[in-house]
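# Chain and residue survey
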Amino acid sequence: MSEHFDVHGGARLVGEVEVVGAKNSVLKLMAAALLAEGTTTITNCPQILDVPLMADVLRSVGCEVVLDGDTAKITTPSELSHRADSPAMGKLRASVCVLGPLVGRLKRAVVALPGGDAIGSRPLDMHQNGLRALGATSTIEHGCVVAKADHLKGAQIWLDFPSVGATENILMAAVLAEGTTVIDNAAREPEIVDICVMLNQMGAQIEGAGTSTLTVQGVTELHPTEHRVIGDRIVGATWAFAAAMTRGDLTVKGVNPHHLDLVLEKLRMAGAEITTFDESGFRVVQNDRPKAVDFVTLPYPGFATDLQPFAVALSAVSEGTSMITENVYEARFRFIEEMVRLGADARTDGHHAVVRGVEKLSSAPVWASDIRAGAGLVLAGLCADGVTEIWDVFHIDRGYPYFVENLNRLGARVERVIGAAERA
């Protein structure tokens, strides 16, 4: 039996909400624990479906993983398996981040191709090319990435695109390579900085975190550590958009507002009043109907592709016409088909979408295609008349802990319903 959400329209969200650790960071930090024998402790873990899935991936190579509330304890043995082919691999994209640590520590890996959100092509070419530059061979065989090396040696590596996943995998292999590795056009996301901080705590020597050039001086071994995951900027931004769309007043704690500078500036342009609190949070107040704003997705520090569904949803209820340009994942506009079911006036043409705002959306059954699309549909449902049914909500549970509970505490009426449905 599947579950769906019944979202009652007309809510105005008011109150305070706490953001926990970043999904896009914690899963990679868990993978990094493979690099050191012993017990690594990760705190501020979000209680989402993807964390136990990654725990299963780590168990498949020989780790003991204990999840207790917001803490993960990962005990990595001296003898690891190089084969990561747990069924969980097919359920989350981040599972591929065990590739770099296994190659770095064992000099070989067989890693099942990952699954995850249906948002378009995400090839592993740059991951493989980076490992090859370090001295490994890498091929795709029988649905797995197969990599081997006699030894790894530092190299100058240029990424064609600042891919977060490729940066992380190359980084985690390079920390145990001989000599110096320089990664140019590296990803600059706060989650990259987070993993660099943890790796340096473990004994790695990485410079340049947060810039487009990472310099890694290889070491012979790493040791376990304890690390707190940074706050989830994507979840924080979700609540910011929720305040703007429902003409609400939300204080968001537990996330660095400077990780959302561009997002908050866009909401200011839409008419919101924004207050930031050092590195601990922010407040968004929207008194009138939002004004139309254009959005262009780009790698950090640009507007995150993960937030594109919220840009579309905000535009759908804003005054005026917005253009949204998607430069990262070509299939992300699939979300717009569901928004049209809710009465949005939106058209797509290649990488562009034109959205003409309407006064109010209308309820309808809709389907979540990925984590952020699902959350975006919930916010849209809050701005629709009647009750909107949102299906395939397991996607939302993969990225948002206690989403329904938080929404209801802030003034929404959202119900989780168990029942089956067939898509029309």
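Worth saying up front: this structure is predicted, and the values here are computed from it rather than measured. Here the residue index of a chain counts from 1 through its sequence in written order. Residues qualify for local features only when their pLDDT is at least 70, as the model is predicted, and side-chain atom pairs are given and counted only at 80 or more; totals for whole chains, interfaces and linings, by contrast, use all residues. Side-chain metrics rest on all non-hydrogen atoms present in the structure, leaving aside hydrogens and water.

Turning our attention to unusual backbone geometry. Here tyrosine 300 and proline 301 are connected by a cis peptide whose omega angle stands at 15°. Helix and strand definitions here come from DSSP, where helices need a minimum of 4 consecutive H or I residues and strands a minimum of 2 consecutive E residues; each element is numbered from the N-terminal end. Its place among the elements puts proline 301 in the loop between strand E18 (295-296) and helix H9 (308-316). Even without being glycine, arginine 247 reaches a positive phi, approximately 55°. By the secondary structure assignment, arginine 247 is in the loop between helix H7 (233-245) and strand E15 (249-253).

Another point: the pattern of salt bridges. What counts as a salt bridge is simple: a side-chain nitrogen of Lys or Arg found within 4 Å of a carboxyl oxygen of Asp or Glu. Within this structure, the stated rule accounts for 16 salt bridges. The salt bridge partner of lysine 23 is aspartate 50, with a shortest N-O separation of 3.6 Å. Here lysine 23 is found in helix H1 (residues 23-32), whereas its partner aspartate 50 is found in helix H2 (residues 50-60), with 27 residues between them in sequence. Just as lysine 23 is buried, aspartate 50 falls in that class too. With a closest N to O distance of 3.5 Å, arginine 268 and glutamate 265 form a salt bridge. Each residue's exposure class comes from its accessible area (1.4 Å probe, protein chains only) as a fraction of the maximum for that residue type: buried when under 20%, exposed when over 50%, partly exposed otherwise.

The subject of this paragraph is the pairing of strand E16 (residues 273-277). Of the pairings in the sheet, the one linking E16 to strand E17 (residues 281-285) comprises five bridges and is antiparallel in character. When the sheet's bridge partners are listed, phenylalanine 277 is paired in E17 with glycine 281. Joining the antiparallel neighbours E16 and E17 is a turn of three residues, in which aspartate 278 adopts a positive phi near 45°. When DSSP finds two or more bridges between two strands, those strands count as paired.

If you walk across this open sheet you meet the four strands as E4-E5-E3-E14, and the pairing is mixed. Only two strands of the sheet have a single partner each, and these edge strands are strand E4 (64-68) and strand E14 (226-228). Strand-to-strand, the axes of this sheet are offset by a mean angle of 15°, without reference to chain direction. Looking at chain direction, strand E3 (residues 38-43) and E14 are connected through three bridges and run parallel. For helices, the fitted line uses only the C-alpha atoms of the stretch in contact; every axis is such a line through C-alpha atoms, and the angle between N-to-C directions lies from 0 to 180 degrees.

Counting 78 residues, the largest nonpolar core has Met30, Val98, Leu199 and Leu222 as its most contacted members. Not counting chain neighbours up to four residues away, the residues in contact with valine 98 comprise Ala31, Leu34, Val57, Leu58, Ala84, Met89, Val111 and Asn169. What makes a nonpolar core is a set of buried Ala, Val, Leu, Ile, Met, Phe, Trp, Tyr and Cys residues whose side-chain atoms join them at distances within 4.5 Å. Counting 73 residues, the second largest nonpolar core, distinct from the first, contains Val17, Ile324, Val393 and Tyr400. In what follows, residue pairs with any heavy atoms lying within 4.5 Å of each other are defined as contacts.

Another aspect to go through is the sheet that holds strand E11 (residues 180-184). If you trace the four strands from one edge of the open sheet to the other, you get E10-E11-E13-E12, paired in mixed fashion. The sheet is open, and its two borders are formed by strand E10 (156-158) and strand E12 (205-207), each paired with just one other strand. Going from strand to strand, the sheet's axes swing by 15° on average, the running direction of each strand aside. In the sheet, E11 pairs with strand E13 (residues 213-217) via five bridges, with the strands oriented antiparallel. Paired with threonine 180 across the strands is glutamine 217, a residue of E13. Contacts from helix H6 (residues 190-201) reach E12 and E13 within the one sheet, and its direction differs from that of E12 by about 150°.

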